[in-house]
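# Inside the fold
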Amino acid sequence: VYKRQVYVYAVEVERKNWNLVFAGLAFWGMDWFNEIWNGLVFHFTHYAPVWAAPGSTAYLILIGLNIEIGFMFAIAGVVFSKMLPPDKSLKVFGIPNRLLFAVLGSAFCVFVEILLNQVNALTWEYPWWSAQAPWLIFLIGYLPFFLVSFWVHDMKRLRSKIITVSTIFIIDLIGLVVFAGVLNWI
């Protein structure tokens, strides 16, 4: 499985397509942030995380994140950013294309999560995070991933992309070290 993810990035690095490389990394880093707070929800409620990854897996990393899901998020930002029109200012149906693609991508991901939940590949325990109330999954679970990923994609300077993505991963790393390593909360 990991070979596909490495290949996706290797192709874009070979092409020096830094927009896609850093958009993908930004998307992935945003997911890690969500996975950390999801683990903290479980710690503080002593009931359930907002979502969980049950069942067999090659490796469960955090309560809602297994290695397979991690790899999927690692390439999702690259894949979705490949669909962006080259013209950032283009409007589709009067809507800025980046916003439209973020909304559509988020809606697609929520739809997939609902399907995964229906087959018990992904569990939800709270009524406010469910198929009956999908707006928080949309607004918190995915829309920020797309907005940040596309924002990084469109940054003019490589240095800005590096700083932004590094900041995302530094925050994630601090969260993992503190909440998993030191406090053992997740």
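In the block above lies the structure referred to throughout.
Criteria and thresholds
- Residues numbered from 1 in each chain as written.
- Predicted model: local features only at pLDDT ≥ 70, side-chain atom pairs only at ≥ 80, totals over all residues.
- Heavy atoms only, no water.
- 1 Å grid on protein atoms, 1.4 Å probe; cavity = no way out; pocket = protein on both sides within 12 Å on 5 of 7 lines; lining within 4 Å.
- Points joined across faces, edges and corners; volume = space filled by probe spheres on them.
- Helix = DSSP H or I, 4+ residues; strand = E, 2+ residues; numbered from the N terminus.
- Buried < 20%, exposed > 50% of the residue type's maximum accessible area, 1.4 Å probe, protein only.
- Core = buried A, V, L, I, M, F, W, Y, C linked by side-chain atoms within 4.5 Å.
- Contact = heavy atoms within 4.5 Å.
- Axes fitted to C-alpha atoms, helices over the stretch in contact; angles between N-to-C directions.
- Parallel < 35°, antiparallel > 145°, perpendicular 65-115°, else oblique.
- Left-handed = near helix turned anticlockwise from the far one by under 90°.
- Nonpolar A, V, L, I, M, F, W, Y, C, P; charged D, E, K, R; others polar.

### Details of the layout of surface pockets
- As a volume, the largest pocket reaches approximately 340 Å³.
- As for the largest pocket, its lining consists of 22 residues, and the residues nearest its centre are Ile69, Met72, Phe73, Glu113 and Tyr142.
- For the lining of the largest pocket, the secondary structure elements donating two or more residues are α2 (18-45), α3 (67-82), α4 (97-118) and α5 (135-154).
- Among the elements that take part in the lining of the largest pocket, α3 stands out by supplying 6 residues, more than any other.

### Considering unusual backbone geometry
- In this structure, Lys16 takes a positive phi of about 60° despite not being glycine.
- Taking relative accessible area as the criterion, Lys16 reaches 60% and is therefore assigned exposed.
- For Phe93, which is not a glycine, the phi torsion comes out positive at approximately 55°.
- Counting through the fold element by element, Phe93 comes out in the loop between β4 (91-92) and β5 (95-96).

### Considering the nonpolar core
- Among the nonpolar cores identified, the biggest contains 34 residues, and Trp124, Tyr142, Phe146 and Val152 are the most heavily contacted of them.
- Elements with a contribution of two residues or more to this core: α2, α3, α4, α5 and α6 (158-182).
- Ranked by residue count, the leading element in this core is α5, at 9 residues.
- With residues up to four places along the chain from it excluded, the contact list for Trp124 reads Val50, Trp51, Glu113, Ile114, Asn117, Trp129, Ser130, Ala131 and Ile137.
- In this structure, Trp32, Ile36, Leu40 and Leu65 belong to the second largest nonpolar core, which totals 5 residues.

### Details of the packing of α2 against α6
- Relative to each other, α2 and α6 sit at 20°, their axes nearing to 9 Å. Our classification of the angle between α2 and α6 gives roughly parallel. Our pair here, α2 against α6, has a crossing hand that is left-handed. Within the contact between the two elements, α2 uses Trp18, Asn19, Phe22, Leu25, Ala26, Trp28, Gly29, Met30, Trp32, Phe33, Ile36 and Leu40 and α6 uses Leu158, Lys161, Ile162, Val165, Ile168, Phe169, Ile171, Asp172, Gly175, Leu176 and Phe179.
- Partitioned by chemical class, the residues of the contact of α2 with α6 number 18 nonpolar, 3 polar and 2 charged.

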